[in-house]
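Residue-level structural notes
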Amino acid sequence: MTLPIERARSRRPITWLTLIGVLLLPALIGGILVAALQDPTDRLDEMTAAVVNLDKPVTIDGQYTPLGRQLAAGLVEGSDELDSNLTWVISNEDDASEGLAEGRYQAIVTIPRSFSADATSAGTALQDGESTAEQAEISVTTAPDGRVADGLISQQIASVAASTMGTMISEATVGNVLVGFKTIGDQIGDAADGADKLADGARSAADGAAEIPDGADQLADGARKLADGSGQLSDGAAQLGAGADQLAGGANQIASGAVSLGTGLDTIATKTREAGAGATQLGQGLVGGAAAITAPDSEVNTLVQTLQLVAGKAATAASSSVDAVTRIGGVAQSLGALAAECDPAASGADFCGRLAAAAGDAGAAVESAKQAATDAGTVSGYMTPVAENVKGLPQQLAAPLKSAGDAALALGGGVGQIADGIDTSADGARQLSGGMVDVGTGASKLGDGATGLADGASGIADGASQLGDGITALGDGAGELSDGLDELASGTGDLAEGLHTASTSLPSFDDEQSTSLASVIADPVASTSDSDDMFGPTTVPLLSAVVLWFGALASFIVLRAVPGSTLTSRRSSIGMVLRGFWPAAGLGAAQGLLVALVVQIVAQYDAAQWWGFAGFAVVAGVAFAAINQALVAVLGGIGRWVSALVGVVALATSLISTVPSWLAALGAAMPTAPALSGLIAPSGAAFAGLVVWAVLSLGAATLAVATRRTTSSKAVLAAA
């Protein structure tokens, strides 16, 4: 069955089969494209990639570390955040190369031999201070004849896996540094506890030394009494027997007291030596702690270097942001000048309006860039003095520890000398005890003979007097010893207090806190997205707009843009244009509805969203029919070529934002731009844009028809 519609460039009639073919063409093309490109991440398991693990594991602190094997396992297992993953195959170099060439694998991820060594080199460098840190790398190879996005997908998944492993390694390294702070604090705390014990021992020794003067006074009194008795002994022999007995008793008492004194002095010497040993051990610990803090590989030096690196990066970011403000400001001024020079009559009011809006957006971007530069400068301003202030932190922490250690070592030596002196005093007391025993024996024998009694008694009196003086001096020395031990106890108490303060001043983290803080430091910034689609939410509207445009082009490949009886018909020019327009407009509206139905099958829009999409698709199909009719009516066959070019430009400028600016501006000026905007989110502005294009196109087609209906008599005669 034929229809009263003229076929382009042919006298053959139009049939319903022809119209059905034109009608279904956009729906079929759009359905195929949408089915192929919609949600490709849900079908990742249809891609097969080979993992070639050449890594040689390393051993760190006695622990076997096969990071390459762990990365390969992570790729195969996939992520809990994604429902789909590539089909990974653990392979070797030969099989992977053959599989890539034969098409069995779409990509190869190669883990090099030095992967584990390079990935752990940073932690090793922090530990020994000599190794060089190297960045671990993996390589992704795709088939030369593979699909366009296969390499991108494989590279992205492998990069995410490598980044995740890098974050895990960084967390472990930073966690060790944070735990190191707690270790240093515990060691200083142990030193403080030792100083407390030393202070307690010194106080006990001081208390014991304070009791010596009382005993010495009693002993001196006894010696003086001995002297007096010896003097009286020489006065008369009558009292010789009684005096000798008294002398023997007093000598025995003195011997017993001297023995007790020697024992007490031995105890004091032992305690004093223990105090000296404790002071020496404390001094060695403090000096060792100071050396550990100032070591190049210490945790404190690592913290200082990290803060200085952060300050440098912040300053670089501030400088880059200031340069970005200058460049964006220049772009904003250029756009503003172009907007001011734009002539609505020549370029169109819509284009001038969009240009002015772009100038405004660029100006707003300048303000945002200024704010970013200000924020970066603020961070740099805070971090630079902090990095400068902590530069000497290791030396500041080590200096008081070193001084305290030297003092403790000196104290240990002095206390040892005191202990030697007390030992000497104890030996003298024992000798005194032996002498007193001899005195008692001699006094017992005094009764046996009076000859030389006076001389012996006189000698005893002199010796007893000297003994009293010596014992008095011993009491004075014991008092000074007690005072010195009191000062030692006070000094070690102050030392213990200072060490406790240093221990509590260092930051301390438990395992949970260290893990949490290390996780944030290793990965301080996280990004989120409201969609994980590879091609974005505008894919379906873009494909729909493009297939509707080419559907309108197909309509006027089959249909005549203007009836063949233009020159002889009595109809008005606008009537002739509308006669050629209404079949294509009907086809365009039907094409829009069919495309919307196909899209709904794939995209599953809700009711309100689909009705908006379908309505705008119908409007776009009608408007595209008017525009393509005008192109063919005005330009003839060249118009079809121009129409195809418009469709290509619309597709090319909407795929990615990195197209050249001139090409992007050209795409924005195309009639497909308002259609794409309306299919994404229906709006009055997009609808008005399509209506303007349709009206202008019908006007241009009418003008072209009117021009062709004017001819000369010569041309009529020639035709006759």
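Below: a short report on this structure. (Residues numbered from 1 in each chain as written. Predicted model: local features only at pLDDT ≥ 70, side-chain atom pairs only at ≥ 80, totals over all residues. Heavy atoms only, no water.)

**Considerations on the overall build of the chain**
Heads up, the condition is: In DSSP terms, a helix is any run of H or I states spanning at least four residues, a strand is any run of E spanning at least two, and both are numbered starting from the N terminus. Each residue is placed in one exposure class: buried if its accessible area under a 1.4 Å probe, protein chains only, is under 20% of its type's maximum, exposed if it is over 50%, and partly exposed if it falls in between. The contact rule is simple, with two residues in contact once any of their heavy atoms fall within 4.5 Å. Note that accessible areas follow from Shrake-Rupley with a 1.4 Å probe, and for residues the cover is restricted to the protein chains shown.
Broken down by element type, the chain carries 21 helices and eight strands. Among the 720 residues that make up the chain, the fraction classed as buried is 38%. Once local pairs closer than 6 in sequence are excluded, the contacts in the chain between residues at least 24 apart make up 81%. Carbon and sulfur atoms form 58% of the exposed surface of the chain, whose accessible area is close to 38500 Å².

**Considerations on the sheet that holds strand 6 (residues 87-91)**
Our working rule: Think of it this way: DSSP has to see at least two bridges between two strands before they count as a pair. Think of each axis as a best-fit line through the C-alpha atoms, taken over the contacting stretch in the case of a helix, with angles from 0 to 180 degrees between the N-to-C directions.
Ordered in space as 6-3-7-8, the four strands form an open sheet in which the pairing is mixed. Strand pairing shows two members of the sheet lacking a second neighbour, strand 6 and strand 8 (139-142), which therefore form its edges. The average undirected angle you get between the axes of adjacent strands in this sheet is 25°. In terms of strand pairing, strand 7 (residues 107-111) meets strand 8 through four bridges, oriented antiparallel. Looking at the pairing, Thr110 lines up with Ser139 of strand 8.

**Digging into the nonpolar core**
Using the following cut-off: Definition used in this section: a nonpolar core is a set of buried Ala, Val, Leu, Ile, Met, Phe, Trp, Tyr and Cys residues joined via side-chain atoms within 4.5 Å.
Membership of the largest hydrophobic core comes to 47 residues, with the highest contact counts inside it found for Val599, Tyr605, Phe624 and Leu690. Among the elements that line this core, the one with the most residues is helix 16 (residues 607-635), at 15 residues. In contact with Tyr605, other than residues within four places in its own chain, are Val540, Pro541, Val599, Gln600, Trp610 and Phe613. One finds Ala195, Ala275, Leu282 and Ala290 within the second-largest nonpolar core, a separate group that totals 16 residues.

**Digging into the packing of aromatic side chains**
In this description, a pair of aromatic rings is defined by centroid distance and the angle of the planes. What counts is decided by this rule: Pairing of aromatic rings covers Phe, Tyr and the six-membered ring of Trp, with a centre-to-centre limit of 6.5 Å; geometry is then stacked below 30 degrees between planes, edge-to-face above 60, and tilted otherwise. The criterion is that NZ of a Lys, or CZ of an Arg, lies within 6 Å of the ring centre and within 35 degrees of the ring normal, and then a charge sits over that ring.
Taken as a whole, this structure holds three aromatic pairs when the rule is applied. A ring pair is formed by Trp549 and Phe624, whose centres lie 5.1 Å apart and whose planes are at 80°; its orientation type is edge-to-face. Of this pair, Trp549 sits in helix 14 (residues 539-558) while Phe624 sits in helix 16; the two residues are 75 residues apart in sequence, bridging distant segments of the chain. For the pair formed by Trp549 and Phe624, the shared burial category is buried. Looking at Arg104, its charged tip hangs above the ring of Tyr105, at a distance of 5.1 Å from the centre.

**Quick look at helix 3 (residues 93-102)**
To keep it simple, the criterion reads: Think of it as the arc spanned by the lines of direction from the helix axis to the C-beta atoms. Polar contacts here mean pairs of N or O atoms no more than 3.5 Å apart (in protein, one a potential hydrogen donor and the other a potential acceptor; neighbouring residues in sequence count only if both atoms are side-chain atoms).
Every buried residue belonging to helix 3 is among Ala96, Gly99 and Leu100, and all of these are buried. Buried residues of helix 3 fall within an arc of 100° about the axis and therefore sit on the same side. Projecting away from the buried face of helix 3 at angles above 90 degrees are the exposed residues Asp94, Ala101 and Glu102. Tucked into the core, helix 3 has its buried residues touching strand 3 (48-53), strand 6, strand 7 and strand 8. Measuring from the backbone nitrogen of Asp94 back to the side-chain oxygen at the start of helix 3 gives 3.3 Å, which picks out Asn92 as the cap. Gly103 lies just past helix 3 and shows a positive phi near 90°.

**Some remarks on the pairing of strand 7**
Of all five residues making up strand 7, five are buried, and the element is well covered by its neighbours. Alternating positions in strand 7 separate into two faces, Ala107, Val109 and Ile111 on one and Ile108 and Thr110 on the other, with burial throughout. As defined by bridge partners, strand 3 adjoins strand 7 across five bridges and the pair is classed as parallel. Bridging across to strand 7, Ala50 finds its partner in Ile108.

**With respect to the state of the cysteines**
As a reminder, the rule being used: Any two cysteine sulfur atoms lying within 2.5 Å of each other are counted as a disulfide.
Considering all chains together, one arrives at one disulfide under this definition. With its sulfur 1.8 Å from that of its partner, Cys342 forms a disulfide with Cys352. What sets the handedness of the Cys342 and Cys352 disulfide is the S-S torsion sign, and at about -70° it is left-handed. Of this pair, Cys342 sits in the loop between helix 8 (299-341) and helix 9 (344-347) while Cys352 sits in helix 10 (residues 349-389), and the two are 10 residues apart along the sequence. Across the pair, Cys352 and Cys342 agree in class, each one buried.

**Looking at a negative patch on the surface**
Note the threshold: Distance thresholds for patches are 9 Å for like charges and 5 Å for nonpolar side chains (Val, Leu, Ile, Met, Phe, Trp, Tyr), applied to residues having over 30% relative accessible area and no salt bridge. Put simply, a salt bridge is a Lys or Arg side-chain nitrogen that is within 4 Å of an Asp or Glu carboxyl oxygen. Counted as positive: Lys and Arg. Counted as negative: Asp and Glu, with His and the chain ends omitted from the count. A charge is said to be at NZ when it belongs to Lys, at CZ for Arg, at CG for Asp and at CD for Glu.
There is a patch of like negative charges on the surface, built from Asp207, Glu211, Asp214, Asp217, Asp476, Glu480, Asp483, Asp486 and Glu487. Elements with a minimum of two residues in the negative patch: helix 6 (150-235) and helix 12 (453-505). When residues of the negative patch are assigned to their parent elements, the largest contribution, five residues, is made by helix 12. Positionally, Asp214 belongs in helix 6.

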